[in-house]
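The lines below spell out each chain.
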Amino acid sequence: MKAVDTFHNPQFKHNCAQAVAYCWKDCFAEQDIVERLAIMGGGRAPEGKCGALYAAQLACPEKAEEIGERFINEIGAITCREIKGAVKVPCTKCVDVADQILCQLLKSK
């Protein structure tokens, strides 16, 4: 399953961070990571970071910098405010890009 499939899906009701975390939950030590990230959507991740990016970096902390660089190359920004405002990229695209980056880096999906 792709992260974008759970994003705002009525069955899951995941925000952007939860969608990425749900599909990569095996990468997290915390069993309740998806629930904990319920407050990280809509620009509420630390420093206003995109929740999808934030979850991807949490899933693979040793490659967090590379994940951020790849995300910026694809999306054009890292904060929710910039993504929605200046670069006008939909959240579904951010979720998909974060998921694809993890797929490329971890090659386990």
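Everything discussed here concerns the structure shown above.
Worth saying up front: this structure is predicted, and the values here are computed from it rather than measured.

**Some thoughts on the side chain of threonine 79**
Mapped onto the fold, threonine 79 is located in the loop between helix H5 (64–75) and helix H6 (80–84). Among the polar contacts listed, one links the side chain of threonine 79 to the side chain of glutamate 82, at a separation of 2.9 Å. The residues touching threonine 79, leaving out its near neighbours within four places in the chain, are Glu47, Gly48, Lys49 and Cys50.

**Structural notes on unusual backbone geometry**
Phi is positive for histidine 8, close to 55 degrees, though the residue is something other than glycine. With respect to the helices and strands, the residue histidine 8 is situated in the loop between helix H1 (3–6) and helix H2 (16–23). Classification of histidine 8 by relative accessible area gives exposed; the value is 58%. Located in the positive-phi region is lysine 13, a residue other than glycine, with phi close to 55 degrees.

**A closer look at the pattern of salt bridges**
Pairs may arise between side chains of opposite charge once their charged atoms sit close together. Taken as a whole and assessed by the stated rule, the structure comprises two salt bridges. Note that arginine 36 and glutamate 30 form a salt bridge whose closest N and O atoms lie 3.8 Å from each other. With a shortest N-O distance of 2.9 Å, arginine 70 and glutamate 66 are connected by a salt bridge. Taken as a pair, arginine 70 and glutamate 66 lie in helix H5 at a separation of four residues, close to a single helical turn. Judged by relative accessible area, which is 30%, glutamate 66 ranks as partly exposed.

**A word on the packing of H2 against helix H4 (residues 51–59)**
For the pair H2 and H4, interaxial distance at closest approach is 7 Å and the crossing angle is 30 degrees. By the criterion of interaxial angle, the relationship of H2 to H4 is roughly parallel. At the point where H2 passes H4, the crossing takes the right-handed sense. For the pair H2 and H4, contact is made by Cys16, Ala17, Val20 and Ala21 and by Gly51, Ala52, Ala55 and Ala56, respectively. Residues belonging to the contact of H2 with H4 are distributed by class as follows: seven nonpolar, one polar and no charged.

**Let's talk about the environment of cysteine 91**
Mapped onto the elements of the fold, cysteine 91 is located in helix H7 (residues 91–106). Under the relative-accessibility criterion, cysteine 91 is labelled partly exposed at 27%. Between the alpha carbons of cysteine 91 and arginine 81 there is a distance of 11 Å; along the sequence they are 10 residues apart. With residues up to four places along the chain from it excluded, the contact list for cysteine 91 reads Phe7 and Lys84.

The rules behind these values
- Residues numbered from 1 in each chain as written.
- Predicted model: local features only at pLDDT ≥ 70, side-chain atom pairs only at ≥ 80, totals over all residues.
- Heavy atoms only, no water.
- Helix = DSSP H or I, 4+ residues; strand = E, 2+ residues; numbered from the N terminus.
- Polar contact = N/O pair within 3.5 Å; in protein donor to acceptor, adjacent residues only side chain to side chain.
- Contact = heavy atoms within 4.5 Å.
- Buried < 20%, exposed > 50% of the residue type's maximum accessible area, 1.4 Å probe, protein only.
- Salt bridge = Lys/Arg side-chain N within 4 Å of Asp/Glu carboxyl O.
- Axes fitted to C-alpha atoms, helices over the stretch in contact; angles between N-to-C directions.
- Parallel < 35°, antiparallel > 145°, perpendicular 65-115°, else oblique.
- Left-handed = near helix turned anticlockwise from the far one by under 90°.
- Nonpolar A, V, L, I, M, F, W, Y, C, P; charged D, E, K, R; others polar.

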